[in-house]
Amino acid sequence: MEMDKLVSLCKRRGFLFQSSEIYGGLNGFWDYGPLGVELKRNVKESWWRDMISGHNDRSTIPGAPSAYEMSGLDSTIIMHPQIWKCSGHYDLFHDFMVDCRETKRRFRHDQVCGRWVKRGDQRVFVAAEEGEQQEEVIQKQALKFFQLRNKDAEQLQWDGPVVSLTTLDSFEAVLGPDAKTVGTLTPPREFNLMFKTFVGALSGEEGAAYLRPETAQGIFVNFKNVVDSTRMRIPFGIAQIGKSFRNEITPRNFTFRSREFEQMEIEFFCHPTQSPAWYQYWRDRRYRWYTDLGLSSDRLRLRDHHTEELSHYSTGTADIEYAFPFLPAGSFGELEGIAHRGDFDLRSHMEGKLDPHTRPLEVEKDAHGQPRWRGSGKDLSYRDDLTNERFVPHVIEPSAGADRATLAFLCEAYCEDEAPDDSGQLQTRVVLKLHPRLAPVKAAIFPLVKKDGMPELADEIYGELKRSFNVFYDEKGAVGRRYRRQDEAGTPYCITVDGQSLKDRTVTIRDRDTLEQVRVKIEDCTSLLRDRVT
Ligand code: GAP
């Protein structure tokens, strides 16, 4: 599937719009249109229902109860700035950026790659942004630089494979992406990804605060409140869906890397001895959630991080990744990370301690000479009331992106096939084969023609179904064109009222994917839809 086609469908049919479009847009921000908002709500509601409110899963973890509890939380976007110091985000949540003095473009250091090439006695590292056609782009850029024509390409002497810019010690011999001269890239500079704001009337550092870069910390700092107010016993999970903000250097690939996005995160608290088994459990459970909702296992993979990729506190992390069509063939993009976080977060919020391998905690003084960046000093340990054991729970964190999941479901669903038009001729149609639970509109109701009492009966069915589902009524134009519009919106069923409906109160239901039409009684429509779309 070509990504351009999906992007254009999303705009045309009202799934996604560039934010602030009439003012020229704002890079890294996206608005969900009428169909998009329903789709994303269904993604989030399926997650909430399957993981939290409707969860009745069982585990077979030795020593752990098979049933475990899950509850929700909705914490604020702006929180006490000390939270980000103790979580490590204030000191460590950064990317490195590189600027080009010639083109004035900015790149993420780790997203530029290139290849050494020689001609005569000049050796240059020709750089390009990572992406689908990077090899071709590098070759074109090298030909241009050495003023060669395509047919002279063999005069270039390539030296080694395409490698990341991060492997170079100096940029002196680097030809930046689209640059004409060598050596115009600045050395990498550190850039914190948190958006800064000011609380109240104080505009100085005293009022400084940050938009949360993840929802997870709101859960950790409320751990004690949840335990005390619910009396849940470990093992249990606390879940949250909400906006997060990251000032990404290079937002790209549609909504994949945005500056404002939504996360769906679970912090699962368990006994330290059982945490490796719970980690395995969540890794597998989360993978299954995506396949149950229609992502094909050919394009989905669970990738365990290598030891050197693991965070200092983690004994295991796996990513669920999807082969997004905008990535080079064979590449995958992260949908969700499942991390074994040990007791790092709860302990940091108690003691304000960062790992000695990372930068040491700087102790700044407040106006009264007191250290500002301490932990909360609160006891966030847990006491098991049956065994009387007190311990700091270990945490397994399945952390998913609602926008990335929505994008993956859209990419998977986009399909072009053939269907007969009104005259019976096969025509190419664009169809979104979304899982019925995710489909924005569950059914469309059509009178075959706009006369003979058909609109009235169709409207009656619409009114009845609307009580339970998001359904759509359409009487405009030829029925074949109405089907096509619903195919593009991903509507799984079209219910048509025809001449026979007026005689025996039956309708046809057309299946979006198989194109089969079956005749059913009007009175059965609600239960039929309920069985298929919930
Ligand atoms: N609490 C852990 C955490 O935030 P993460 O891997 O940085 O981990 C989790 O983020 C998920 O959030 C990612 O797997 C991705 O789905 C989503 N996400 C992260 N950054 C994003 C961005 N800039 N745009 C869209 N989604 C993003």
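Preceding block: the structure.
This structure is a prediction, so every number in the text was calculated from the model and none was measured.

A look at the packing of helix 1 (residues 3–12) against helix 10 (residues 402–413)
Piece 1. The N-to-C vectors of helix 1 and helix 10 enclose an angle of 110 degrees; their axes lie 11 Å apart at closest approach. It follows that helix 1 is roughly perpendicular to helix 10 by the angle criterion. For the pair helix 1 and helix 10, the crossing hand works out as right-handed. Packed against helix 1, whose contacting residues are Met3, Leu6 and Cys10, the element helix 10 presents Leu407, Leu410 and Cys411 at the interface.
Piece 2. A per-class count over the contact of helix 1 with helix 10 returns 6 nonpolar, no polar and no charged.

What to know about the site of the ligand
Piece 1. Neighbouring residues of the ligand: 19 residues in total, closest Glu214, Arg246, Ser258, Glu265 and Glu334.
Piece 2. Residue glutamate 265 places a side-chain N or O atom 2.6 Å away from a nitrogen atom belonging to the ligand.
Piece 3. Separating an oxygen atom of the ligand from a side-chain N or O atom of glutamate 334 is a distance of 2.6 Å.
Piece 4. Taken by itself the ligand offers 550 Å² of open surface, and the protein chains cover 89% of this.
Piece 5. Where the shell around the ligand is concerned, the elements lending two or more residues are strand 14 (260–270), strand 17 (333–342) and strand 20 (394–401).
Piece 6. Among the elements that make up the shell around the ligand, the one with the highest residue count is strand 20 (4 residues).

What about unusual backbone geometry?
Piece 1. The amide bond that connects isoleucine 234 to the next residue, proline 235, takes the cis arrangement and shows omega of 10 degrees.
Piece 2. With respect to the helices and strands, the residue proline 235 is situated in the loop between helix 7 (223–230) and strand 13 (236–245).
Piece 3. The residue serine 20 is not glycine, and still its phi comes out positive at about 55 degrees.
Piece 4. One can find serine 20 in the loop between strand 1 (16–18) and strand 2 (30–32).
Piece 5. With a phi angle near 60 degrees, asparagine 253 is a residue other than glycine that sits in the positive phi range.
Piece 6. Within the secondary structure, asparagine 253 is located in the loop between strand 13 and strand 14.

Quick word on the packing of aromatic side chains
Piece 1. On inspection of all chains with the given rule, the structure shows 27 aromatic pairs.
Piece 2. Arranged with centres 4.9 Å apart and planes meeting at 90 degrees, the rings of tryptophan 30 and phenylalanine 254 form a pair that is edge-to-face. Here tryptophan 30 is found in strand 2, whereas its partner phenylalanine 254 is found in the loop between strand 13 and strand 14, with 224 residues between them in sequence.
Piece 3. We classify phenylalanine 254 as buried; its relative accessible area is 11%.
Piece 4. Consider the rings of tyrosine 90 and tyrosine 210, whose centres lie 6.1 Å apart with planes at 75 degrees: the pair is edge-to-face. With tyrosine 90 in helix 4 (residues 89–92) and tyrosine 210 in strand 12 (residues 208–210), this residue pair connects regions lying 120 residues apart in the sequence.
Piece 5. The buried category is assigned to tyrosine 210, whose relative accessible area is 8%.

Description of the pairing of strand 13
Piece 1. By the criterion of burial, strand 13 is predominantly enclosed, with 9 of the 10 residues buried.
Piece 2. Note that strand 3 (residues 69–72) and strand 13 share 4 bridges and pair parallel. Paired with glutamate 69 across the strands is phenylalanine 236, a residue of strand 13.
Piece 3. Two elements, strand 13 and strand 14, share 10 bridges in a ladder whose sense is antiparallel. What sits directly across from phenylalanine 236, in strand 14, is phenylalanine 269.

So, the side chain of lysine 40
Piece 1. Relative to the elements of secondary structure, lysine 40 occurs in helix 2 (residues 34–53).
Piece 2. Residue classification places lysine 40 among the buried positions, given a relative accessible area of 6%.
Piece 3. Within polar-contact distance, the side chain of lysine 40 engages the side chain of glutamate 262 at 2.7 Å.
Piece 4. Filtering out sequence-adjacent residues up to four positions away, lysine 40 remains in contact with Tyr32, Glu262, Ala402, Asp403 and Thr406.

A few points about the nonpolar core
Piece 1. Trp278, Trp282, Tyr290, Phe324 and Phe409 are the most contacted members of the largest nonpolar core, which totals 59 residues.
Piece 2. Among the nonpolar cores identified, the runner-up in size contains 25 residues, and Ala128, Ile138, Val174 and Ala179 belong to it.

Observations regarding helix 10
Piece 1. In this model, helix 10 (12 residues) spans 16 Å end to end at C-alpha, consistent with the 16 Å of a helix rising 1.5 Å per residue.
Piece 2. Here helix 10 lies mainly inside the structure; 12 of its 12 residues are buried.
Piece 3. Residues of helix 10 that are buried include every one of Ala402, Asp403, Arg404, Ala405, Thr406, Leu407, Ala408, Phe409, Leu410, Cys411, Glu412 and Ala413, and no others.

Focus on the packing of helix 2 against helix 10
Piece 1. For the pair helix 2 and helix 10, interaxial distance at closest approach is 10 Å and the crossing angle is 110 degrees. Put simply, helix 2 runs roughly perpendicular to helix 10. The chirality of how helix 2 crosses helix 10 is right-handed. Together, Leu39, Lys40, Val43 and Lys44 of helix 2 and Ala402, Asp403, Ala405, Thr406, Phe409 and Leu410 of helix 10 make up the contact between the two elements.
Piece 2. By residue class, the composition of the contact of helix 2 with helix 10 is 6 nonpolar, 1 polar and 3 charged.

Scoring rules and cut-offs
- Residues numbered from 1 in each chain as written.
- Predicted model: local features only at pLDDT ≥ 70, side-chain atom pairs only at ≥ 80, totals over all residues.
- Heavy atoms only, no water.
- Axes fitted to C-alpha atoms, helices over the stretch in contact; angles between N-to-C directions.
- Helix = DSSP H or I, 4+ residues; strand = E, 2+ residues; numbered from the N terminus.
- Parallel < 35°, antiparallel > 145°, perpendicular 65-115°, else oblique.
- Left-handed = near helix turned anticlockwise from the far one by under 90°.
- Contact = heavy atoms within 4.5 Å.
- Nonpolar A, V, L, I, M, F, W, Y, C, P; charged D, E, K, R; others polar.
- Near = heavy atom within 4 Å.
- Polar contact = N/O pair within 3.5 Å; in protein donor to acceptor, adjacent residues only side chain to side chain.
- Areas by Shrake-Rupley, 256 points an atom, 1.4 Å probe, with all protein chains shown as cover.
- Phe/Tyr/Trp six-rings, centres within 6.5 Å; stacked < 30°, edge-to-face > 60°.
- Buried < 20%, exposed > 50% of the residue type's maximum accessible area, 1.4 Å probe, protein only.
- Pairing = 2+ DSSP bridges.
- Core = buried A, V, L, I, M, F, W, Y, C linked by side-chain atoms within 4.5 Å.
- Expected span 1.5 Å × (residues − 1).

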